[in-house]
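Structure assessment
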Amino acid sequence: MTAFAPDSLVLNRKLPLWYQVSQSLRASILGRAPDASLRLPTEEQLAAHYGVSVLTMRQALKELEEEGLISRHRRRGTFIEPGARRSTPRRLLGSIDAIVAQQSGERTTVLGHGSEAVPGELSEHFPDLAEIVAYRRLRRDGESGEPTNWAENAVRPELAAAIDPADLERWPMTKVLRDVVGVRISRITDTVEARLADPETAALLEVPLLSPILHYTGVTYDEAGRVVDVARIRYRGDRFSFTVTVEAQ
């Protein structure tokens with residue numbers, strides 16, 4: 001069994017530190033290796049890793065405990081809950097690590113990938129391209145195996161050449177682009193809307209045709225302002241809710 005190792009995090013001073021840390025740690029927990037230890041480092045070790053105070057770390061851990069991902073025991077330490085449900089409310093607060101956490105947590109199967117013409121509805125995002133590389137994935141709840149959402153990603157071909165599809169069964173596309181391919185992501189624009197399940201979505205998510213779903217679109221930009229990825233994710237309407245927090249300046 002390998003020791004649990006949290007991902008690194010570049011803090012954004014415009015957002016609450018405890019929130020950024022909790023979301024980064026959440027992504028690490030949900031994307032951990034199968035043989036990783038369930039025991040977390042101490043509060044002091046985690047605080048040093050993220051470069052925050054122990055008080056901030058304690059608040060971040062409280063958030064994860066309330067979510068049911070971890071349990072804390074006096075004198076024994078903090079442990080990942082092995083049976084924690086991963087289909088939790090999505091909280092959007094504007095950090096890249098929040099987006100990674102949002103996409104993490106389910107058991108993922110790559111349904112297919114390959115080059116195709118730029119879809120008409122995405123042409124505004126890829127005006128310089130005739131083709132993109134499309135990836136299609138189905139996510140299931142890690143405990144029950146029930147389908148929770150399915151995703152389509154449209155990625156620039158030169159970046160797709162560096163993507164191993166096997167990585168997409170462990171990590172979200174955002175993490176793969178940033179941490180594996182090396183894309184310097186500047187921002188992600190999110191849109192969430194209510195829709196009705198089309199035949200393909202109904203079949204994949206095992207819900208009735210025209211049942212309500214949540215349709216998420218995430219447009220990812222690099223530092224040059226180019227769109228590098230457009231993610232379209234269909235969530236079962238009976239399994240998810242989204243919460244948006246706006247911080248007063």
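The structure under discussion appears in the preceding block.
Below, the structure is looked at part by part.

Quick look at helix 2 (residues 43–50)
- Among the residues of helix 2, those classed as buried are E43, L46, A47 and Y50. For helix 2, the angular spread of the buried residues around the axis is 100 degrees, confining them to a single face.
- Tucked inside the fold, the buried residues of helix 2 contact helix 1 (17–30), helix 3 (54–67) and strand 1 (70–73).
- Backbone geometry just after helix 2 places G51 at a positive phi near 75 degrees.

Considering the sheet that holds strand 5 (residues 131–140)
- Ordered by their spatial adjacency, six strands build an open sheet running 4-5-6-9-8-7, and the pairing between neighbours is antiparallel. A strand with exactly one partner marks an edge of an open sheet, and here the two such strands are strand 4 (107–117) and strand 7 (185–196). Adjacent strand axes in the sheet meet at a mean angle of 15 degrees, parallel and antiparallel pairs treated alike.
- Examined bridge by bridge, strand 4 and strand 5 share ten bridges and lie antiparallel to one another. Across the sheet, G114 pairs through a bridge with A134, a residue of strand 5.

A word on the packing of aromatic side chains
- In the structure shown here, the tally under the stated rule is one aromatic pair.
- Ring centres of W18 and Y19 lie 5.9 Å apart, and the angle between their planes is 85 degrees; this geometry places the pair in the edge-to-face category.
- We classify Y19 as buried; its relative accessible area is 5%.

A few points about the pattern of salt bridges
- Applying the stated rule across the entire model yields 19 salt bridges.
- A salt bridge links E152 to R136; the nearest nitrogen and oxygen atoms lie 3.1 Å apart. In this pair, E152 is assigned in strand 6 (residues 147–155) and R136 in strand 5, connecting sequence segments 16 residues apart.
- Judged by relative accessible area, R136 falls into the partly exposed class, the value being 25%.

Quick look at the packing of helix 2 against helix 3
- Where helix 2 meets helix 3, the closest approach of the two axes is 9 Å, and the angle between their N-to-C directions is 105 degrees. Regarding the angle of helix 2 to helix 3, the classification is roughly perpendicular. Of helix 3, the residues touching helix 2 (which contributes E43, E44, L46, A47 and Y50) are V54, M57, R58 and L61.
- Broken down by class, the residue content of the contact of helix 2 with helix 3 amounts to six nonpolar, no polar and three charged.

Observations concerning unusual backbone geometry
- In this structure, R75 is a non-glycine residue whose phi angle is positive, near 70 degrees.
- Locating R75 in the fold gives a position in the loop between strand 1 and strand 2 (77–80).
- Taking the relative accessible area as the measure of exposure, R75 reaches 78% and is therefore exposed.
- Non-glycine residue E206 carries a positive phi angle of around 60 degrees.
- Relative to the helices and strands, E206 is located in the loop between helix 7 (199–205) and strand 8 (212–222).
- For E206, a relative accessible area of 53% puts it in the exposed group.

Cut-off values and rules
- Residues numbered from 1 in each chain as written.
- Predicted model: local features only at pLDDT ≥ 70, side-chain atom pairs only at ≥ 80, totals over all residues.
- Heavy atoms only, no water.
- Buried < 20%, exposed > 50% of the residue type's maximum accessible area, 1.4 Å probe, protein only.
- Helix = DSSP H or I, 4+ residues; strand = E, 2+ residues; numbered from the N terminus.
- Arc of directions from axis to C-beta.
- Contact = heavy atoms within 4.5 Å.
- Pairing = 2+ DSSP bridges.
- Axes fitted to C-alpha atoms, helices over the stretch in contact; angles between N-to-C directions.
- Phe/Tyr/Trp six-rings, centres within 6.5 Å; stacked < 30°, edge-to-face > 60°.
- Salt bridge = Lys/Arg side-chain N within 4 Å of Asp/Glu carboxyl O.
- Parallel < 35°, antiparallel > 145°, perpendicular 65-115°, else oblique.
- Nonpolar A, V, L, I, M, F, W, Y, C, P; charged D, E, K, R; others polar.

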